[in-house]
Amino acid sequence: MSESLFDQASERLAAAIVHVDISEDAIERLKSPKACLQVSIPVRMDDGTLKVFQGYRVRYNDLRGPTKGGVRFHPSVNMDEVKSLAFWMTFKCAAVNLPFGGAKGGVAVDPKQLSKAELERLSRGYINAIADFMGADVDIPAPDVQTNQTIMGWMVDEYSNIQRKLCPAAITGKPIAMGGSLGRETATGLGAFFAIETLLPLLKMQREQTTVAVQGFGNVGAAIADLLSKSGYKVVAVSDSKGGIYAKQGLDIPSIISYKNSTKSFQAVYCQDSVCSIVEHQTITNDELLELDVDILIPAALENQITKDNAANIRAKYIFEIANGPVTPAADAILAKRNIIVFPDILINAGGVTVSYFEWVQNRSGLYWTVEEVNERLKQSMVAETMRIWQIANQKQISVRTAAYVHALMRLNEVIEAKGTRAYYAR
Ligand SMILES: NC(=O)c1ccc[n+]([C@@H]2O[C@H](COP(=O)([O-])OP(=O)(O)OC[C@H]3O[C@@H](n4cnc5c(N)ncnc54)[C@H](O)[C@@H]3O)[C@@H](O)[C@H]2O)c1
Ligand SMILES: N[C@@H](CCC(=O)O)C(=O)O
């Protein structure tokens, strides 16, 4: 039987616990989710028919604070995936020292097949179905794959209607007009950028000589490609679910973004002469992108992209995981033997949830920050946690991924110890 995504996620914990002085009780607590909810969401479609969608929310662990994590709208969403994503959120929030536990949610749907009105009804229906499971002190949703500010706006409005009061801190990644934080939309990409910039001199690399390929050109993939290319890195390849483009001399990312925004189609980017004329390029498949001979490979789409089947073909020197779970444990082992260093999701993509935390703080204090303040605080956190995890990896001679889990586990263990046995129902 093939390993489930959650089995794969759990392997990360097993690899880390041998390097941490942590009690058996604490390990047991972290092996399974606190609560898993599956809901049916009836939605009236524009043609008058009723369609029922399956929704999920997993609160993995709330030892360090209210659970936190995004909501994904994608046809392949299922309980195993949501549980794994919630597990990663738990370790991510601890790795960057946010006072949150981990959660994740999702709906099995292809949002591109819905009209805007249907999408709004589904988003509101999802919140209606999980309303008793969430709240600013309980569980705080946010954007993830194929959800965005607009959807978060509908969701927080629905939750506030149910509670009969404004509840801005119950959901992050909202429109600015509804209490969203400046800088949240680009935060995941910017956080990853700060991590890469921190590591670059340690890896003895220079921006202008560094080639980069980015898989996924959505909220986070486009942002990191843009930041890197504007800072002098040579972004030679980008892709979305339908395929990608490659140019040895580097792509003009701002033009590609503006072209994609105006045509609403990434595919048009590599089919239209106007962009072909900006820089000569060739089209490539996603598989080809992953196997390009580049310095840095950035998977920024979905999980399970680098597996035992293609790990031997990866030619990048470094992999920075912006997607959650893009490299499987079996692939990790193959990459490690080939001296390819993987910088893990729970560190590299933590910028998004970090600025979600800033948004929650701003909502609760009623005092709003400038984008400069947001970005400066994000930078301080990403630089400090990246350095610490890199040091742990070097001191203990372990992978950077295991070091990130060790770092998170030490913080989780502290709170488990501090709470004592009263945290357990059975003694
Ligand atoms: N949005 C956030 O705040 C945030 C924060 C941290 C991590 N992440 C993670 O980053 C990843 C991307 O999230 P996003 O918010 O950018 O989603 P998005 O929906 O905005 O973009 C996803 C992109 O991936 C592409 N894609 C989908 N399947 C693909 C495939 N098989 N091959 C290549 N490209 C494919 C899509 O076409 C799209 O360009 C996810 O793993 C998500 O969990 C997101
Ligand atoms: N979905 C994002 C952001 C979560 C949040 O902001 O709560 C993640 O995977 O980190």
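Residues numbered from 1 in each chain as written. Chains lettered and ligands numbered in written order. Predicted model: local features only at pLDDT ≥ 70, side-chain atom pairs only at ≥ 80, totals over all residues. Heavy atoms only, no water.

Colleague: Explain the environment of glutamine 305 residue by residue, including any values.
Modeller: Following the sequence through the fold, glutamine 305 ends up in the loop between strand 10 (296–299) and strand 11 (318–320). With 26 residues separating them in the primary sequence, glutamine 305 and alanine 331 have C-alpha atoms 9.6 Å apart. Non-local contacts of glutamine 305, meaning those with residues more than four positions away in its chain, are made with Gln215, Leu290, Asn310 and Pro326. (Helix = DSSP H or I, 4+ residues; strand = E, 2+ residues; numbered from the N terminus. Contact = heavy atoms within 4.5 Å.)

Colleague: How would you explain the site of ligand 2 if you had to name every residue and give the values?
Modeller: The environment of ligand 2 is made up of 14 residues, and the closest members are Lys68, Lys92, Lys104, Asp144 and Ser356. Here aspartate 144 contributes a side-chain N or O atom positioned 2.8 Å from a nitrogen atom of ligand 2. Here arginine 184 contributes a side-chain N or O atom positioned 3.0 Å from an oxygen atom of ligand 2. Starting from 300 Å² of accessible surface for ligand 2 in isolation, the protein chains cover 95%. Sorting the residues of the shell around ligand 2 by element identifies strand 3 (67–74), helix 3 (79–95), strand 5 (139–143) and helix 14 (351–365) as the ones contributing at least two each. In terms of residue class, the shell around ligand 2 is made up of 4 nonpolar, 5 polar and 5 charged. (Near = heavy atom within 4 Å. Polar contact = N/O pair within 3.5 Å; in protein donor to acceptor, adjacent residues only side chain to side chain. Areas by Shrake-Rupley, 256 points an atom, 1.4 Å probe, with all protein chains shown as cover. Nonpolar A, V, L, I, M, F, W, Y, C, P; charged D, E, K, R; others polar.)

Colleague: Which residues make up the site of ligand 1, and what are the values?
Modeller: Near ligand 1, the surroundings consist of 23 residues, among which Asp144, Gln146, Asn219, Ala301 and Asn324 are the closest. Phenylalanine 217 is positioned such that a nitrogen or oxygen atom in its backbone is 3.0 Å from an oxygen atom of ligand 1. Alone, ligand 1 offers 830 Å² of accessible surface; in the complex the protein occludes 87% of this.

Colleague: Requested: an account of the side chain of aspartate 144, with residues and values cited.
Modeller: If you trace the backbone, aspartate 144 turns up in the loop between strand 5 and helix 5 (149–163). Excluding residues within four positions of it along the chain, aspartate 144 makes contact with Gly70, Val71, Arg72, Lys104 and Asn324.

Colleague: Outline the nonpolar core, supporting the account with residue identities and numerical values.
Modeller: In this structure, Phe91 and Ile298 are the most contacted members of the largest nonpolar core, which totals 94 residues. Core analysis: the next-biggest nonpolar cluster, separate from the first, contains 27 residues, Leu114, Leu122, Ala131 and Met155 among them. (Core = buried A, V, L, I, M, F, W, Y, C linked by side-chain atoms within 4.5 Å. Buried < 20%, exposed > 50% of the residue type's maximum accessible area, 1.4 Å probe, protein only.)

Colleague: Let's hear about helix 15 (residues 371–396): which residues, and what values?
Modeller: When the terminal C-alpha atoms of helix 15 are compared, their 37 Å separation across 26 residues agrees well with the 38 Å that a helix rising 1.5 Å per residue should span. Of the positions making up helix 15, those classed as buried are Val374, Leu378, Ser381, Met382, Glu385, Thr386, Ile389, Trp390, Ile392 and Ala393. Buried residues in helix 15 make contact with helix 3, helix 6 (187–199), strand 12 (341–343), helix 13 (345–348), helix 14 and helix 16 (400–419). Downstream of helix 15 by a residue or two, glutamine 397 has a phi angle that is positive, lying close to 55°. (Expected span 1.5 Å × (residues − 1).)

Colleague: Describe the pattern of salt bridges, naming the residues involved and giving the relevant values.
Modeller: Within the structure shown, the criterion is met by 23 salt bridges. A salt bridge links lysine 230 to aspartate 226, with the shortest nitrogen-to-oxygen separation between them at 2.9 Å. In this pair, lysine 230 and aspartate 226 both sit in helix 7 (residues 219–230), 4 residues apart, roughly one turn of the helix. For glutamate 385, the salt bridge goes to arginine 411, with nearest N and O atoms at 3.2 Å. Remark: arginine 411 occurs in helix 16 and glutamate 385 occurs in helix 15; sequence separation between them is 26 residues. Residue glutamate 385 shares its accessibility class with arginine 411, and that shared class is buried. In the salt-bridge network here, residues are joined through shared partners; they are Arg12, Glu321, Asp332, Asp345 and Arg401. (Salt bridge = Lys/Arg side-chain N within 4 Å of Asp/Glu carboxyl O.)

Colleague: Would you mind going over a nonpolar patch on the surface in detail, with residue names and values included?
Modeller: Taken together, the side chains of Ile176, Leu182 and Val371 define a hydrophobic patch exposed on the protein surface, amounting to about 210 Å² of accessible area. Tracing the sequence through the fold places valine 371 in helix 15. What makes valine 371 partly exposed here is its relative accessible area of 30%. (Patch = residues over 30% accessible without salt bridge, like charges linked within 9 Å, V, L, I, M, F, W, Y side chains within 5 Å.)

Colleague: Lay out the sheet that holds strand 4 (residues 101–108) with the relevant residues and their values.
Modeller: Taken together, the 5 strands give an open sheet; going across it, the order is 1-2-4-3-5, and neighbouring strands pair in mixed fashion. Both outer strands of the open sheet, strand 1 (35–44) and strand 5, are each paired with one neighbouring strand and no more. With direction set aside, neighbouring strand axes in the sheet form an average angle of 25°. In this structure, strand 3 lies alongside strand 4, joined through 6 bridges in parallel fashion. Note on strand 4: the bridge partner recorded for threonine 67 is glycine 101. Of the strands in this sheet, strand 1, strand 2 (50–61), strand 3 and strand 4 are in contact with helix 4 (residues 116–130), which crosses strand 1 at around 140°. (Pairing = 2+ DSSP bridges. Axes fitted to C-alpha atoms, helices over the stretch in contact; angles between N-to-C directions.)

Colleague: Which residues make up the layout of surface pockets, and what values do they have?
Modeller: By volume, the second largest pocket amounts to about 440 Å³. Around the second largest pocket, the lining is made up of 21 residues, and of these Ala336, Ile340, Ile398, Ser399 and Val400 lie nearest the centre. Of all the secondary-structure elements, those providing two or more residues to the lining of the second largest pocket are helix 1 (5–17), helix 12 (329–337), strand 12, helix 15 and helix 16. Each residue belonging to the lining of the second largest pocket can be placed in one class, and the counts come to 12 nonpolar, 5 polar and 4 charged. (1 Å grid on protein atoms, 1.4 Å probe; cavity = no way out; pocket = protein on both sides within 12 Å on 5 of 7 lines; lining within 4 Å. Points joined across faces, edges and corners; volume = space filled by probe spheres on them.)

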